[in-house]
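The primary structure of each chain is shown beneath.
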Amino acid sequence: MRVAQAGLGYWGANLVRNFDELAQLDWLCDPAEEQVERFSRRYPHARVTTTFDEMLADDGVEAVVIATPVPTHYALAKQALEAGKHVFVEKPPAMRATEMEELLAIAEERDLVVMPGHLLLYHPGVRKLKDLIDRGELGDVLCIYGNRQNLGKIRKDENALWSLGVHDLSVILWLVDEEPAEAWAHGKAFLTPGVEDVVFCYLRFPSGRIAHMHLSWLDPHKMRRITVVGRSRMAVFDDMELERKVTVYEKAPWEPATTYGEWLTRTGDIFSPKIPNDEPLRLECEHFLRLVREGPTHVEARDGLAVVRTLEQLQESLAAVQASA
Ligand SMILES: NC(=O)c1ccc[n+]([C@@H]2O[C@H](COP(=O)([O-])OP(=O)(O)OC[C@H]3O[C@@H](n4cnc5c(N)ncnc54)[C@H](O)[C@@H]3O)[C@@H](O)[C@H]2O)c1
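To start, this report covers the structure provided alongside it. Please read these numbers as outputs of a predicted model, since none were measured by experiment. (Residues numbered from 1 in each chain as written. Predicted model: local features only at pLDDT ≥ 70, side-chain atom pairs only at ≥ 80, totals over all residues. Heavy atoms only, no water.)

**Description of helix 5 (residues 97-110)**
To keep things clear, this is the line we draw: A run of H or I in DSSP counts as a helix once it spans at least four residues, and a run of E counts as a strand once it spans at least two, with each numbered from the N terminus. One less than the residue count of a helix, multiplied by 1.5 Å, gives the span that helix is expected to have. Each residue is placed in one exposure class: buried if its accessible area under a 1.4 Å probe, protein chains only, is under 20% of its type's maximum, exposed if it is over 50%, and partly exposed if it falls in between. By definition, residues are in contact when any of their heavy atoms lie within 4.5 Å.
Over its 14 residues, helix 5 extends 20 Å from the first C-alpha to the last, a length consistent with the 20 Å expected when each residue adds 1.5 Å. Every buried residue belonging to helix 5 is among Ala97, Glu99, Met100, Leu103, Leu104, Ile106 and Ala107, and all of these are buried. Structurally, helix 5 contributes buried residues whose contacts are with helix 4 (73-82), strand 6 (114-117) and helix 9 (299-324). Following helix 5 by one or two positions, Asp111 has its phi on the positive side, about 60°.

**Focus on the sheet that holds strand 3 (residues 47-49)**
Consider a sheet: its strands pair through backbone hydrogen bonds, and that pairing is either parallel or antiparallel. For clarity, the cut-off: At least two bridges found by DSSP between two strands are what make those strands a pair. As a rule, the C-alpha atoms of each element are fitted with a line to give its axis, helices using only the stretch in contact, and angles between N-to-C directions run from 0 to 180 degrees.
As summarised here, the arrangement of the six strands in space is 3-2-1-4-5-6, forming an open sheet in which the pairing is parallel. Edge positions in the sheet fall to strand 3 and strand 6, since each of these pairs with one other strand and no more. Going from strand to strand, the sheet's axes swing by 20° on average, the running direction of each strand aside.

**Some remarks on the sheet that holds strand 13 (residues 246-254)**
In space, the eight strands of this open sheet follow the order 8-9-10-7-11-12-13-14, with mixed pairing throughout. Either end of the sheet is taken by a strand with one partner, and the two such strands are strand 8 (182-188) and strand 14 (264-271). With strand direction ignored, the average angle separating the axes of adjacent strands in the sheet is 15°. Inspection of the sheet shows strand 13 paired to strand 14 by six bridges, in the antiparallel sense. Bridge assignment links Lys251 to a residue of strand 14, and that residue is Thr267. Where helix 9 meets the sheet, it contacts strand 8, strand 9 (198-204) and strand 10 (210-216), and its direction lies at approximately 50° from that of strand 8.

Function cannot be inferred from these measures alone, as they are strictly geometric.
Structure follows, in structure tokens:
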């Protein structure tokens with residue numbers, strides 16, 4: 001399969017490495033001349049260009065990978081779909097739900113793949129969490145919360161919600177398999193005016209489940225964690241752990257018949273299921289190529305739309321709270 005990639009920055013380099021190993025990497029594109037030169041030395045078999053149009057004009061290219069800055073995603077993805085190419089686009093694929101709806105509509109009409117780069121959905125640890133929920137191992141899921149905190153990397157162009165929240169949100173929506181009925185965000189821009197460094201989000205789902213996200217690059221803890229509280233068990237995915245990525249706790253509320261409505265708690269074993277060591281990015285790239293080969297299901301794009309729609313709601317709430325403060 002012939003693949004072309006736009007965007008050769010920090011993350012783009014990881015995608016290039018994988019697609020070069022998994023497919024025929026034909027084109028590399030970046031407006032920055034020095035990037036193009038650097039990559040042409042490392043990947044001499046790929047053609048290079050500084051213009052996206054030149055790359056798209058090659059009829060032999062089947063799939064385009066987009067790893068450019070977020071505000072460029074929608075326009076580039078749209079152009080590539082309209083040129084008849086399958087598209088892998090880094091997260092988030094658009095900054096407005098209407099834009100993502102448009103990308104999905106073009107892909108559906110032309111039977112093309114448009115897949116957002118929601119990396120964590122391919123993480124074997126997150127897959128295990130989903131499996132535990134779907135098999136009923138945790139009982140009814142009551143609430144989920146995500147912690148994505150660290151000191152840095154301090155960004156100036158996108159706030160903590162868009163930069164960090166997109167990861168946790170894609171996981172939370174996928175785990176509960178529903179979109180929120182209510183979405184609130186509170187946050188504060190301490191360093192760069194208009195760019196929130198710390199954001200707290202609250203989501204309520206039609207099923208009654210609730211979720212929370214703490215997103216911050218002003219924090220003493222480096223945390224990459226998702227906690228799922230079920231009625232029978234509780235589970236934690238912790239990406240900072242080397243070996244115990246997922247931990248299941250035999251902890252739950254308990255209402256014995258003899259205590260007449262008084263709630264007690266039950267605690268038991270704590271165990272860590274084995275999680276394969278596969279690189280999530282490799283699994284994500286393989287998934288994209290499989291969709292291109294076998295035909296799109298549009299599931300990934302619809303999940304991406306739910307993420308953008310919720311991000312947009314959270315951003316509106318964040319702005320409204322700021323305006324009234
Ligand atoms: N999945 C993940 O875990 C993860 C991690 C980091 C970044 N990302 C995503 O990857 C994307 C890129 O992030 P980055 O950190 O590599 O940024 P970066 O700034 O390091 O690289 C972006 C590159 O895109 C190039 N570019 C800009 N406009 C272009 C255009 N029109 N055509 C082709 N190239 C263009 C720039 O010159 C630059 O080289 C972002 O969407 C980001 O959200 C994802």
